[in-house]
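Listed below, chain by chain, are the residues.
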Amino acid sequence: QVQLVESGGGLVQPGGSLRLSCAASGSIFSINYMGWYRQAPGKERELVASITSSNRTNYEDSVKGRFTISRDNAKNTEYLQMNNLKPEDTAVYYCNALISATSGLMRTYWGQGTQVTVSS
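Here the structure is a predicted model, which is why all the values come from computation and not from measurement.

A. Representation of the sheet that holds strand S1 (residues 2-7) within the structure. Read from one edge to the other, the open sheet built from 4 strands follows the order S1-S3-S8-S7, with strand pairing classed as antiparallel. Each edge of the sheet is formed by a strand with only one pairing partner; in this case those strands are S1 and strand S7 (67-72). Between one strand and the next, the sheet's axes are offset by a mean angle of 15 degrees, whatever the strand orientation. With 6 bridges connecting them, S1 and strand S3 (residues 18-26) associate as antiparallel partners. Bridge pairing links Ser-7 to Ser-21 in S3.

B. Local environment of the pattern of salt bridges. Using the criterion set out here, one finds 5 salt bridges in the structure. With a closest N to O distance of 2.7 Å, Arg-38 and Glu-46 form a salt bridge. With relative accessibility at 6%, the residue Arg-38 sits in the buried group. Given a relative accessible area of 31%, Glu-46 falls into the partly exposed group. The closest approach of N and O atoms between Arg-38 and Glu-60, which form a salt bridge, is 3.9 Å. One end of the pair, Arg-38, is in strand S4 (residues 28-39); the other, Glu-60, is in the loop between strand S6 (57-59) and S7, with 22 residues separating them in the sequence. For Glu-60, a relative accessible area of 24% corresponds to the partly exposed category. A single salt-bridge network, built from bridges that share partners, covers Arg-38, Glu-46, Glu-60, Arg-66 and Asp-89.

C. Region of interest: the state of the cysteines. A full pass over the atoms with the stated rule returns 1 disulfide. In this model, Cys-22 is linked to Cys-95 through a disulfide, with the two sulfur atoms separated by 2.1 Å. Taking the torsion about the S-S bond as the criterion, the Cys-22 to Cys-95 disulfide, at about 55 degrees, is right-handed. Separated by 73 residues along the polypeptide, Cys-22 in strand S3 and Cys-95 in strand S9 (residues 91-101) bring together distant segments of the chain. Classification of Cys-22 by relative accessible area gives buried; the value is 0%. For Cys-95, a relative accessible area of 0% corresponds to the buried category.

D. Quick peek at the environment of Leu-18. Inspection of the secondary structure puts Leu-18 in strand S3. Overall, Leu-18 belongs to the buried group, its relative accessible area being 15%. The sequence separation of Leu-18 and Val-92 amounts to 74 residues, and the corresponding C-alpha distance is 13 Å. Other than its neighbours up to four places away in sequence, Leu-18 contacts Gly-8, Gly-9, Gly-10, Val-12, Leu-80, Gln-81, Met-82, Leu-85 and Val-116.

About the thresholds
- Residues numbered from 1 in each chain as written.
- Predicted model: local features only at pLDDT ≥ 70, side-chain atom pairs only at ≥ 80, totals over all residues.
- Heavy atoms only, no water.
- Pairing = 2+ DSSP bridges.
- Helix = DSSP H or I, 4+ residues; strand = E, 2+ residues; numbered from the N terminus.
- Axes fitted to C-alpha atoms, helices over the stretch in contact; angles between N-to-C directions.
- Salt bridge = Lys/Arg side-chain N within 4 Å of Asp/Glu carboxyl O.
- Buried < 20%, exposed > 50% of the residue type's maximum accessible area, 1.4 Å probe, protein only.
- Disulfide = S-S within 2.5 Å.
- Contact = heavy atoms within 4.5 Å.

Written as structure tokens, this is what we have:
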């Protein structure tokens, strides 16, 4: 069984920073693509950032220059460093990853979500 566990959300003032973490555990053979999504109230879930197994990154336009995605393959963990946060960044943030399990099964897994609220 494979699971993703997120941490690091919370309440922050505009201009502040937060770092989200997402740790994968279980019967993991390899982790391919990893990403962060967010969903604000009344809106669809959107991709915020992604990183490949070769560390190639991609960002949604509104977070470029403010957010940084990274991964630690030894810890099966990905991170999202969020700087200069704005009220419009308020959302539930979800991590996901395309994981090959030791059973041979490859599928996408999702974290449970963590709330990020940017407000004064």
